[in-house]
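# Fold and contact review
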Amino acid sequence: MLLIRCPWCGEREETEFRYGGQAHIATPRSDVDDASWARFLFHRDNPAGPFAERWVHIHGCRRWFHIVRDTLTHDITRSYLPSESPEDAG
Amino acid sequence: MADSEGMAVRLQSLPQATQVGFRVTLASQMSAANALGIPALPGVNRFIGAGGLLVLWLGPDEWLLIAPDGMVEWESRLRNAIGADQGAVVDVSANRVGFELSGPAARDVLASCCALDLHPRAFGPGGCGQTLIAKAQVILAQTDLETYRILVRPSFANYVAAWLEDGVAGVQGHAKADL
């Protein structure tokens, strides 16, 4: 069981959250070629180590936020607002 | 729903109340607070009880007002105070029903079904949060040292009550065993 820090509500149990996949995926312009569009839709990083990902506090404040989670150890090193980048979040 | 009478803890259902959910920009939060007669809207994970009203923090720009039924037109009063382009006000009176869990063992009962940290170092009177009781989403507010108010969607009410009654039975079982 993970203890996840919602940037608004504080630390809560994993069961209050839903996972939203990799963070910081920019939507391309609609006129890109099919290969780029397919990469945007289907291709995601799968690192063994720190990974920036989206979560939503679905049973709490219902807000989306990002965390940096180590996929090997489950250590969560950062929790930050979607408007921030993983580098400038504390 | 039957009340559970016991030495250490008591569970009862609360009468129907007016509930108004509102979201409001920073610019209009003061006028919303004025309309409710409170100095400021409550901050993160807090609620304010004043003059029979309860104002609960639900999210970074979102609050819930609970008021006695039929006294004041809170929805229109809040809407006028907030202004058309500064937020949203919705009557959600039928959205949730209320329970009150009180007594020295109330926190032990909640510990049987709710993962929120209710220890005094993390929570206390004036604290509120949206969390889970078993698998049902609830709004939990601690109104005094030994009293919690639980708001749950009506279709989950029997389920949550069953979990709480089970917790009450467990606490009372322990109490008897201690004698």
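Residues numbered from 1 in each chain as written. Chains lettered and ligands numbered in written order. Predicted model: local features only at pLDDT ≥ 70, side-chain atom pairs only at ≥ 80, totals over all residues. Heavy atoms only, no water.

## Overview of the overall build of chain A
Assigned secondary structure in chain A consists of 1 helix and 6 strands. Along its sequence from the N terminus, chain A presents helices and strands in the succession β-β-β-α-β-β-β. Reported as C-alpha extents along the three principal axes, the dimensions of chain A are approximately 40 × 30 × 25 Å. Averaged over its 11 positive side-chain charges, chain A has a centre that lies 6 Å from the centre of its 14 negative ones. (Helix = DSSP H or I, 4+ residues; strand = E, 2+ residues; numbered from the N terminus. Lys, Arg positive; Asp, Glu negative; His and termini not counted. Charge placed at Lys NZ, Arg CZ, Asp CG, Glu CD.)

## Quick notes on the overall build of chain B
In terms of helices and strands, chain B carries 4 helices and 10 strands. Reading the secondary structure of chain B in the N-to-C direction produces β-β-α-β-β-β-α-β-β-α-β-β-β-α. Here the C-alpha radius of gyration of chain B, 17 Å, is about what a compact globule of 179 residues would show, namely 16 Å. Projected onto the principal axes, the alpha-carbon positions of chain B cover approximately 60 × 35 × 30 Å. Accessible area of chain B: about 8500 Å², with a carbon and sulfur share of 55%. Across chain B, 12 positive and 17 negative side-chain charges occur, with their mean positions spaced 4 Å apart. (Rg over C-alpha atoms; globule rule 2.2 N^0.38 Å. Areas by Shrake-Rupley, 256 points an atom, 1.4 Å probe, with all protein chains shown as cover.)

## Side note on the packing of helix H1 (residues 29-36) of chain B against helix H2 (residues 74-82) of chain B
If you want to describe how two helices pack, look at the angle between their axes and the distance between the axes. Residues and elements named next belong to chain B. Two numbers describe how H1 lies on H2: the axes approach to 8 Å, and their chain directions differ by 145 degrees. Crossing of H1 over H2 shows right-handed handedness. Together, Ser31, Ala32, Ala35 and Leu36 of H1 and Trp74, Arg77, Leu78, Ala81 and Ile82 of H2 make up the contact between the two elements. A per-class count over the contact of H1 with H2 returns 7 nonpolar, 1 polar and 1 charged. (Axes fitted to C-alpha atoms, helices over the stretch in contact; angles between N-to-C directions. Left-handed = near helix turned anticlockwise from the far one by under 90°. Contact = heavy atoms within 4.5 Å. Nonpolar A, V, L, I, M, F, W, Y, C, P; charged D, E, K, R; others polar.)

## A look at the domain arrangement of chain B
Interface size is commonly expressed as the accessible area that is lost once the parts come together. All names here are of chain B. Annotation of chain B at the domain level lists domain 1 (8-13 + 96-172) and domain 2 (17-93). Each partner contributes residues to the interface: domain 1 has 12 residues there, and domain 2 has 12 residues. For the domain 1 and domain 2 pair, buried surface summed over both sides reaches about 980 Å², with 61% attributable to carbon and sulfur atoms. Together, Arg96, Gly126 and Cys128 form the three largest contributors to the area buried by domain 1 at its contact with domain 2, with a combined 44%. In this assembly, domain 1 and domain 2 are joined by 0 salt bridges. At the junction of domain 1 and domain 2, the tally comes to 6 residue pairs in polar contact (both at pLDDT 80 or more). At the level of secondary structure, the elements contributing two or more residues to the side of domain 1 that touches domain 2 comprise strand E8 (128-133), strand E9 (136-144) and strand E10 (147-152). Take the side of domain 1 that touches domain 2: its biggest share by element is 4 residues, from E9. Its residues placed into classes, the side of domain 1 that touches domain 2 shows 5 nonpolar, 5 polar and 2 charged. (Domains from an automatic or database assignment. Buried area = accessible area lost by both parts, 1.4 Å probe. Salt bridge = Lys/Arg side-chain N within 4 Å of Asp/Glu carboxyl O. Polar contact = N/O pair within 3.5 Å; in protein donor to acceptor, adjacent residues only side chain to side chain.)

## A closer look at the pairing of strand E5 (residues 64-70) of chain A
Residues and elements named next belong to chain A. Of all 7 residues in E5, 6 are buried; the element is thus mostly enclosed. Taken together, the 7 bridges between strand E4 (residues 50-56) and E5 define a ladder with antiparallel strand orientation. Bridged to Arg54 within E5 is His66. Summarising the sheet, E5 and strand E6 (residues 76-80) pair through 4 bridges and their orientation is antiparallel. Residue pairing across strands places Ile67 opposite Ser79, the latter belonging to E6. The hairpin turn running from E5 into E6, its antiparallel successor, is 5 residues long, and His74 in that turn takes a positive phi close to 70 degrees. (Buried < 20%, exposed > 50% of the residue type's maximum accessible area, 1.4 Å probe, protein only. Pairing = 2+ DSSP bridges.)

## Quick look at the interface of chain B and chain A
Listed per partner, the contact involves 16 residues of chain B and 11 residues of chain A. For the chain B and chain A pair, buried surface summed over both sides reaches about 1100 Å², with 47% attributable to carbon and sulfur atoms. On the chain B side of the contact with chain A, Pro60, Gln130 and Leu132 of chain B bury the most area, a combined 40% of that side's loss. Between the two partners, chain B and chain A, sit 3 salt bridges. Across the contact surface, chain B and chain A share 8 residue pairs in polar contact (both at pLDDT 80 or more). Elements with a minimum of two residues in the side of chain B that touches chain A: strand E4 (53-59) and E8 of chain B.

## Regarding the sheet that holds strand E7 (residues 97-102) of chain B
Either a parallel or an antiparallel arrangement is found when strands of a sheet pair, and the pairing is made through backbone hydrogen bonds. All names here are of chain B. Read from one edge of the open sheet, 5 strands run E1-E7-E10-E9-E8, paired in antiparallel fashion. In the strand order of this sheet, the two ends are held by strand E1 (10-13) and E8, each with one partner. Within this sheet the neighbouring strands show an average axis-to-axis angle of 30 degrees, counted without direction. Taken together, the 6 bridges between E7 and E10 define a ladder with antiparallel strand orientation. The residue of E10 that forms the bridge with Phe99 is Ile150.

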